[in-house]
Amino acid sequence: MSVRSTVHALPTLLRVGFAGAVAYRAEMFVWALATTMPLIMLALWLAVAREAPMGRLGKPELIAYFLATFVVRQLTASWVCWNINSEVRDGTLAMRLLRPVHPLVAYAAENIAAIPVRGLVSLPIAIAALLLVGTGPLTRDPALWIVWAISMLGAWLVTLFTNFAIGCLSLFLESSIKLMDVWFSLFLVFSGYLIPIELFPPGMRAVGDWLPFRYQMGLPVELMTGAHDRAAAFALLGRQWLVVAVLGGVVAFVWRRGLGRFAAYGG
Amino acid sequence: MISVRGLQKRYRVHKRAPGLKAAALSLFQRQYTEVAAVDGVSFEIEAGERVGFLGPNGAGKTTTLKILSGLLHPSAGKVSVDGHEPRRRENAFLEKIMLVLGQKQQLLWDLPPSETFELNRAIYRVPRAQYERTLDELVELLEIRDLVGRPTRQLSLGERMKCELACALVHHPKVLFLDEPTIGLDVSMQMTMRRFIKNYNERYGATLILTSHYMDDVAALCPRVIVIDKGRISFDGKLEDLVRRVRPDKRVVLRLGGPVDIHALKSIGAVIRHAEGEAVLQVKPGDVSRSVAHALSVLPVRDLTVEDAPLEEVMRELFEQNRAASAGSEPSA
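Residues numbered from 1 in each chain as written. Chains lettered and ligands numbered in written order. Predicted model: local features only at pLDDT ≥ 70, side-chain atom pairs only at ≥ 80, totals over all residues.

This part is about the overall build of chain A. A count of helical and extended segments in chain A gives 15 helices and zero strands. For 267 residues, the compact-globule estimate of 2.2 N^0.38 gives 18 Å, and chain A sits close to it at 19 Å. Seen through its principal axes, chain A has C-alpha atoms that stretch 60 × 40 × 35 Å. A burial count over chain A gives 41% of its 267 residues as buried. For chain A, long-range pairs separated by at least 24 residues make up 83% of all intrachain contacts whose partners lie at least 6 apart in sequence. (Helix = DSSP H or I, 4+ residues; strand = E, 2+ residues; numbered from the N terminus. Rg over C-alpha atoms; globule rule 2.2 N^0.38 Å. Buried ≥ 20, exposed ≤ 12 C-beta atoms within 10 Å, placed from the backbone. Contact = placed C-beta atoms within 7 Å.)

Laid out in structure tokens, this is it:
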């Protein structure tokens, strides 16, 4: 990959990615709406909370948690696995490979470029929630907001790298969509997307701490909602970036090995 | 510029009989066969050459082009393109080459071609002024001014191909691999494309390898052809040498001023076609002068040309010869 080409091309990649995202406005809007699972979970958990207390999570904390989950999901989403699978199957990955920009960068730019469109859905909901419950459940420590911002980048990288690595497995397996489905099922359980991690039994929570899923979603949400003090936040952030580094290595390995198997079908 | 030595590309292909039983069995026991798409190909191409790759479907032409452009890793052999090993996909290599696949597109499907042009300008770091000059010229020559602002998905195949070619040339690649570049184009546009490609080669000294099923493309563009059949090279040389070797006989095309007797035609050469006002005869190369003189003396000739056999026929005959030769060399069961 050429760093010069990449840096030079990045603004155009982002602009073109944005143009692509708005080409199908309705589809993008419906897709963003389809990720409203946290809002459904919010209603469910609020009903549960009425029956019995759940640790530190009262009604405002639950509202803040699941709305933060919704926002984090909107801002860290990636669909690269599906792109690669389709491009490997029909051979169009070839056209990306001809350019002196790493396909990972091109895919990443497409994902980032769609964020403003997804923001059109997530921001009004976040603002409405803030007006509804106030900023009480959110952390007031500026240092933790900086940690949060870094953890958002880390969460996006974990999601992107996972998508890319599993997508590259299609170079070995013809299709790896089902593997992504398995990953997503585990993500739903262990990331804090459906169930806040702090409500997990201790044993399961310990397992979750060593899996990458929490660092895709749970960590930024927990940081936003004041679940950790500074020391715990820094420790978790360190662990998240360790996961990023490991996944980066996996991506490089799978990509290098997979390219040799690319059949460039069609044409 | 391009050096290929003992190139091989083998694929492992899953083989299965049709039907439910075979489908169920393939869950537990899979049978694979190894297919040699390219089987020991060697050639050298000088800078600025225009070379046509010819061969029947599945001969290994496109596979070779994909290896030369770094998309496929060879199973064996050595490949070098302007000093680069394509499989390494070095940045300096990718900036020099472009592959245009008639059946694939690099244009962004949902956006107008102008967006992909702009993207390539940024990726290949083409200075703005040079880009605008080049694009203006490409748009003019390929007659695509009205097309570049329309979403790619709304363009016809031919319109897309013209835009694909423009997109491929924005950064002035030194080596151009063209796989069926005139597919889907009408006859007049095919001629425009050929003129354009030839002009690009002559103006920029670009090396050009072309595959096409339209023999006119090859005849118009490529002084040298490499014929690949079943992954092996069966001819490498000048186009006229290929014609002379496979089908040395000449065609005498006669435009006639009145009806003629078929026996009169047969006395000159083998009759290939005879219709009102026209006849095409096939004669031995050494008999051309005599046959022409004879035709002019006994027939009401208004116009006469001497041509080689059409390239399509030459290729068909060559592939049949190859098939017969390989059938003869295979051991009987």
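Moving on from the model shown.
Residues and elements named next belong to chain B. Read from one edge of the open sheet, six strands run S5-S6-S7-S3-S8-S9, paired in mixed fashion. In this open sheet, the two strands that pair with only one neighbour each are strand S5 (97–101) and strand S9 (232–238). When strand polarity is set aside, the average angle formed by the axes of neighbouring strands in this sheet is 15°. With six bridges joining them, strand S8 (residues 224–229) and S9 adopt antiparallel strand pairing. Counterpart to Val227 in the pairing with S9 is Phe235. (Pairing = 2+ DSSP bridges. Axes fitted to C-alpha atoms, helices over the stretch in contact; angles between N-to-C directions.)

This part covers the nonpolar core. Grouped together as the largest cluster of nonpolar side chains are 139 residues, with contacts concentrated most on Phe164 of chain A together with Ala166, Phe177 and Val225 of chain B. The element contributing the most residues to this core is helix H9 (residues 142–168) of chain A, with 13 residues. Residues within four places of Phe177 of chain B in sequence aside, it is in contact with Leu65, Leu68, Ser69, Ile97, Leu99 and Ile209 of chain B. (Core = buried A, V, L, I, M, F, W, Y, C linked by C-beta atoms within 7 Å.)

The subject of this paragraph is the pairing of strand S1 (residues 2–15) of chain B. Residues and elements named next belong to chain B. Two elements, S1 and strand S4 (residues 76–81), share five bridges in a ladder whose sense is antiparallel. Within S4, the residue paired with Ser3 across the bridge is Ser80. Pairing of S1 with strand S2 (residues 31–45) involves 12 bridges; the strand directions are antiparallel. Across the sheet, residue Arg10 finds its bridge partner in S2, namely Ala36.

All names here are of chain B. Strand S6 (residues 175–179) sits mainly inside the fold: five of its five residues count as buried. Neither face of S6 is open: one carries Val175, Phe177 and Asp179, the other Leu176 and Leu178, and all of them are buried. Here five bridges tie S5 to S6, and the two strands are oriented parallel to one another. Across the sheet, the residue bridging to Leu99 is Phe177, located in S6. Here five bridges tie S6 to strand S7 (residues 207–211), and the two strands are oriented parallel to one another. Following the sheet pairing, Leu176 is matched in S7 by Leu208. The parallel pair S6 and S7 is bridged by helix H7 (residues 187–204), and the resulting crossover is right-handed. (Right-handed = clockwise from strand over helix to strand, strands pointing away.)

With 26 residues of chain A in contact, the opposing surface of chain B contributes 28 residues. Broken down by secondary-structure element, the contributors of at least two residues to the side of chain A that touches chain B are helix H1 (3–23) and helix H6 (93–97) of chain A. The greatest single-element share of the side of chain A that touches chain B, amounting to nine residues, is contributed by H1 of chain A.

With that settled, consider the confidence of the model for chain B. In low-pLDDT segments, the atomic positions of the prediction should not be examined closely. Residues and elements named next belong to chain B. Summary statistics for chain B give a mean pLDDT of 88 and a share of 98% for residues scoring 70 or more. Within chain B, S4 carries the highest mean pLDDT (96), whereas helix H1 (residues 20–28) carries the lowest (78). Model confidence for the complex: the whole-complex pTM is 0.83, and ipTM, which rates the interface, is 0.79. (pLDDT = per-residue confidence, 0-100.)

On to unusual backbone geometry, then. All names here are of chain B. One non-glycine residue with positive phi stands out, namely Glu143, at about 55°. Looking at the secondary structure, you find Glu143 in the loop between helix H5 (128–141) and helix H6 (157–169). Its 13 C-beta neighbours within 10 Å are what place Glu143 among the partly exposed residues.

Turning our eyes to something else, we now look at the environment of Val170 of chain B. All names here are of chain B. In this structure, Val170 sits in the loop between H6 and S6. For Val170 and Leu138, which are 32 residues apart along the polypeptide, the C-alpha to C-alpha distance reads 8.4 Å. When sequence neighbours within four positions are dropped, the list of residues in contact with Val170 reads Phe117, Asn120, Arg121, Tyr124, Val126, Tyr131, Thr134 and Leu135.

What follows deals with helix H8 (residues 115–133) of chain A. Residues and elements named next belong to chain A. Look at H8: 25 Å from first C-alpha to last across 19 residues, which is about the 27 Å you get at 1.5 Å a residue. Its maximal kink placed at Val121, H8 deviates by approximately 35°, while the proline Pro124 follows within four residues. Two residues or fewer past H8, Gly134 is found with a positive phi of approximately 75°. (Expected span 1.5 Å × (residues − 1). Bend = angle between axes of the 7 residues up to and from the residue.)

Before going further, it helps to examine the domain arrangement of chain B. It is common to report an interface's size as the accessible area lost on association of the parts. The domain architecture assigned to chain B consists of domain 1 (2–243) and domain 2 (248–308). For domain 1 of chain B versus domain 2 of chain B, the distance between C-alpha centres works out to 41 Å. (Domains from an automatic or database assignment.)

Residue and element names in this part refer to chain A. Interhelical geometry of H9 versus helix H15 (residues 230–259) gives an angle of 25° and a closest axis separation of 9 Å. By the criterion of interaxial angle, the relationship of H9 to H15 is roughly parallel. When the axes of H9 and H15 are compared, the crossing they make is left-handed. Partitioning the contact of H9 with H15 into residue classes produces 21 nonpolar, six polar and one charged. (Parallel < 35°, antiparallel > 145°, perpendicular 65-115°, else oblique. Left-handed = near helix turned anticlockwise from the far one by under 90°. Nonpolar A, V, L, I, M, F, W, Y, C, P; charged D, E, K, R; others polar.)

Residue and element names in this part refer to chain A. Over its 14 residues, helix H11 (residues 177–190) extends 20 Å from the first C-alpha to the last, a length consistent with the 20 Å expected when each residue adds 1.5 Å. Where H11 is concerned, the buried positions are Met180, Phe187 and Phe190. Angular distribution of buried residues about the axis of H11 spans 95°; they occupy a single face of the element. With respect to the buried face of H11, the exposed residues turned more than 90 degrees away are Lys178, Asp181, Val182 and Ser185. In this structure, the buried side of H11 is in contact with helix H5 (80–90), H9, helix H12 (202–209) and helix H13 (213–216). Residue Gly192 follows H11 closely and has a positive phi angle near 90°. (Arc of directions from axis to C-beta.)

Turning our attention to the packing of helix H4 (residues 113–123) of chain B against H6 of chain B. Residue and element names in this part refer to chain B. Where H4 contacts H6, the axes come no closer than 9 Å and their chain directions differ by 15°. With respect to their mutual orientation, H4 and H6 come out roughly parallel. H6 is crossed by H4, and the crossing has right-handed handedness. Facing Pro113, Thr116, Phe117 and Asn120 of H4, the residues of H6 in contact are Cys163, Ala166 and Cys167. Its residues placed into classes, the contact of H4 with H6 shows five nonpolar, two polar and no charged.

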